[in-house]
Amino acid sequence: MGNIGAEAILLAILHLYQERWGPDTRFILAAWQPYRMRHLVEGLPGHFEILKQPVPFDRPSLLRQADDFVVGGDVALTETVIPILPSYWAFKALWAKAHGSRVVFMGIEVEPLRRTFNRWAVRHVLDRVTGRYLVRNEEAGNHLRAMTTRPDLVLVGCEPALTLKERHLAPFPAPTLPAGPSERLVAFGLRDFFTEPLRLDIRRMKLVRRDARPGELSPRMKQTVALLAHIADRLVERHNARLVMIPHHAMEGQSKVILSDREVAEKVQAAMRHPDRWTNLPDYLHPFSAMNVYRQMDLVVSMRHHANSFAYRFGIPTIGLGVSEKIKGHFRQVGQEDLLLNPQEPDPAVVDRLVDHAVLRREALSEQLQTRWKQSVADMTKALDAVFPGA
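Keep in mind it's a predicted model, so treat the numbers as computed, not measured.

Quick notes on the rules
Residues numbered from 1 in each chain as written. Predicted model: local features only at pLDDT ≥ 70, side-chain atom pairs only at ≥ 80, totals over all residues. Heavy atoms only, no water. Pairing = 2+ DSSP bridges. Helix = DSSP H or I, 4+ residues; strand = E, 2+ residues; numbered from the N terminus. Axes fitted to C-alpha atoms, helices over the stretch in contact; angles between N-to-C directions. Contact = heavy atoms within 4.5 Å. Parallel < 35°, antiparallel > 145°, perpendicular 65-115°, else oblique. Left-handed = near helix turned anticlockwise from the far one by under 90°. Nonpolar A, V, L, I, M, F, W, Y, C, P; charged D, E, K, R; others polar. Phe/Tyr/Trp six-rings, centres within 6.5 Å; stacked < 30°, edge-to-face > 60°. Buried < 20%, exposed > 50% of the residue type's maximum accessible area, 1.4 Å probe, protein only. Right-handed = clockwise from strand over helix to strand, strands pointing away. Salt bridge = Lys/Arg side-chain N within 4 Å of Asp/Glu carboxyl O. Core = buried A, V, L, I, M, F, W, Y, C linked by side-chain atoms within 4.5 Å.

Novice: Describe in detail the sheet that holds strand β4 (residues 102-108), supporting the description with residues and values.
Specialist: With respect to topology, four strands assemble into an open sheet ordered β3-β4-β5-β6, the strand pairing being parallel. This sheet does not close on itself; its edge strands, each paired only once, are β3 (68-71) and β6 (154-156). Going across the sheet, the axis of each strand differs from the next one's by a mean of 20°, ignoring polarity. Pairing analysis gives three bridges linking strand β5 (residues 130-135) to β6, with the strands arranged parallel. Across the sheet, residue Tyr133 finds its bridge partner in β6, namely Val154. Contacting β3 and β4, helix α1 (residues 4-21) runs over the sheet at an angle of about 145° to β3. Helix α5 (residues 116-129) contacts β4 and β5 of the sheet and is inclined by roughly 105° relative to β5.

Novice: Which residues make up the packing of helix α8 (residues 219-239) against helix α13 (residues 348-360), and what values do they have?
Specialist: Taken N-terminus to C-terminus, the directions of α8 and α13 make an angle of 50°; their axes are 10 Å apart at the nearest point. Considering the angle they form, α8 stands oblique to α13. Handedness of the crossing formed by α8 with α13: right-handed. Residue-level contacts link Leu227, His230, Ile231, Arg234, Leu235, Arg238 and His239 of α8 to Pro348, Val351, Asp352, Val355, Asp356 and Val359 of α13. Here the contact of α8 with α13 is composed, by residue class, of seven nonpolar, two polar and four charged.

Novice: Could you give an account of the packing of aromatic side chains, naming the residues involved and the relevant values?
Specialist: Scanning the model with the defined rule gives 10 aromatic pairs in all. Judged by centre distance (5.7 Å) and plane angle (80°), the rings of Trp21 and Phe388 are edge-to-face. A residue pair is termed long-range when its members are at least 10 positions apart, and Trp21 in helix α1 and Phe388 in the segment after α14 (362-387) qualify at 367 residues. Residue Trp21 is classed as partly exposed on the basis of its relative accessible area, which comes to 39%. Phe388 gets classed as buried once you look at its relative accessible area, which sits at 3%. With a centroid separation of 4.8 Å and 55° between ring planes, the pair formed by Phe188 and Trp278 is classed as tilted. Remark: Trp278 occurs in strand β11 (residues 278-280) and Phe188 occurs in strand β7 (residues 184-189); sequence separation between them is 90 residues. On the accessibility criterion, Trp278 (4% relative accessible area) is buried.

Novice: Any details on the pairing of β3? Residues and values, ideally.
Specialist: Pairing of β3 with β4 involves four bridges; the strand directions are parallel. Paired with Val71 across the bridge in β4 is Phe105. Regarding topology, helix α4 (residues 85-98) serves as the crossover connection from β3 to the parallel β4, and that connection is right-handed.

Novice: Go over the sheet that holds β7, please, and point to the residues and values.
Specialist: Strand pairing within a sheet occurs via backbone hydrogen bonds; the two strands may be parallel or antiparallel. Here we have six strands laid out as an open sheet, ordered β11-β10-β7-β12-β13-β14, and parallel in their pairing. Each end of this open sheet is capped by a strand with a single partner; those strands are β11 and β14 (340-341). Where β7 meets strand β12 (residues 299-302), four bridges bridge the pair, whose relative direction is parallel. If you follow Ala187 over to β12, its bridge partner there is Val300.

Novice: Could you give an account of the pattern of salt bridges, naming the residues involved and the relevant values?
Specialist: The tally for this structure, following the rule as stated, stands at 25 salt bridges. Close ionic contact of Arg184 with Glu183 constitutes a salt bridge, the shortest N to O distance being 3.0 Å. One network of salt bridges, in which partners are shared, links Glu139, Glu325, Lys328 and Arg332.

Novice: Break down the nonpolar core for me, citing the residues and quoting the values.
Specialist: Counting 56 residues, the largest nonpolar core has Leu29, Met106, Leu134, Ile246, Met297 and Val300 as its most contacted members. The set of elements that each furnish at least two residues to this core consists of α1, β1 (26-31), α2 (34-41), β4, β7, α10 (287-294), α11 (305-313) and α14. At 10 residues, α1 tops the list of elements feeding residues into this core. In this structure, Leu29 is in contact with Leu10, Leu14, Met37, Val41, Phe48, Glu49, Ile50 and Leu51, ignoring residues within four places of it in sequence.

Novice: Kindly report on the packing of α8 against helix α9 (residues 261-271), identifying the contributing residues and their values.
Specialist: Two elements in contact, α8 and α9, have axes whose closest approach is 8 Å; the angle formed by their N-to-C orientations is 55°. Taken together, α8 and α9 sit at an angle that is classed as oblique. Considering the relative orientation of α8 and α9, their crossing is right-handed. The segment α8 lies against α9, with Met221, Val225, Leu228 and Ala229 engaging Val264, Lys267, Val268 and Ala271.

Below is the structure:
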């Protein structure tokens, strides 16, 4: 919790289960921040039991009650954020299976795993206990098929948040957006990108950043901030845009490892020539409220995967900063790699041409996205039919 992209995935999975198993489906939700989880499900139909996330293993009494143990983590089988994560999920899944739960990976990202112990965990643990691997796109499926001994378990769907329907989103209105004379509204999805995986300090049980001191940006991120300020000013000066930053990540205190989205946004705004055209929306938006902001945009500029994904849900073209393979894979999936920018692009002319291209071809790009989105949802429906046979 604390990241609205992950929260949207969770809520989408709840809705998918309710659609297949009925509104009386009971959910046991383990969360690092139970108070935030309670806020997210408040008012939603269903039966929810919310618990503090246990480390390292879930309670046997709860697992024995559960039909399914669902892993929906956005980075479940990757090493780029936390290097040991695939092995962590392998042993969590083994524990769940030992207590009678079916293990399902739902709408996950998969990247090539370089570490021997993670590949071993997939082949010798996960392959033995997992009922289905439902991945979010064909590229993720190919990565997993190259590692697993059970390619027959791999299903290709889409990111769960793409399946959310109007009736799910309607009760969560967007916050008031900035008013004023402008031709276009452009959202920015920002993050403090770390260039090396986080390190787990076992003694303190805390993630530690490697590429910058606490509270500071890395040298490469400073270059990216300058690039974002240039993009923002180009949108204002050439296309009369009003700019809105939608915060996705707002963790605080001991759980905070990198700068918040708001802190990054303030650095971008400070570097602009037209900071008065930039508005930061409140932290801790409900993810569905955030999605209802994205749907009102003409364009999105993003270095966050879920900003790209939410825009995709509504057919909004996105200029992406290729800070990770996950983001590059998204643009390959939707067939718009020409909207990807090097996050340290040194040539302003290259940036200007791409920005102008995205604005001027917005309608054609949007039509392409809407067609692809319908196919993504159709793929997910077919995959879910295999996960829930007869439901």
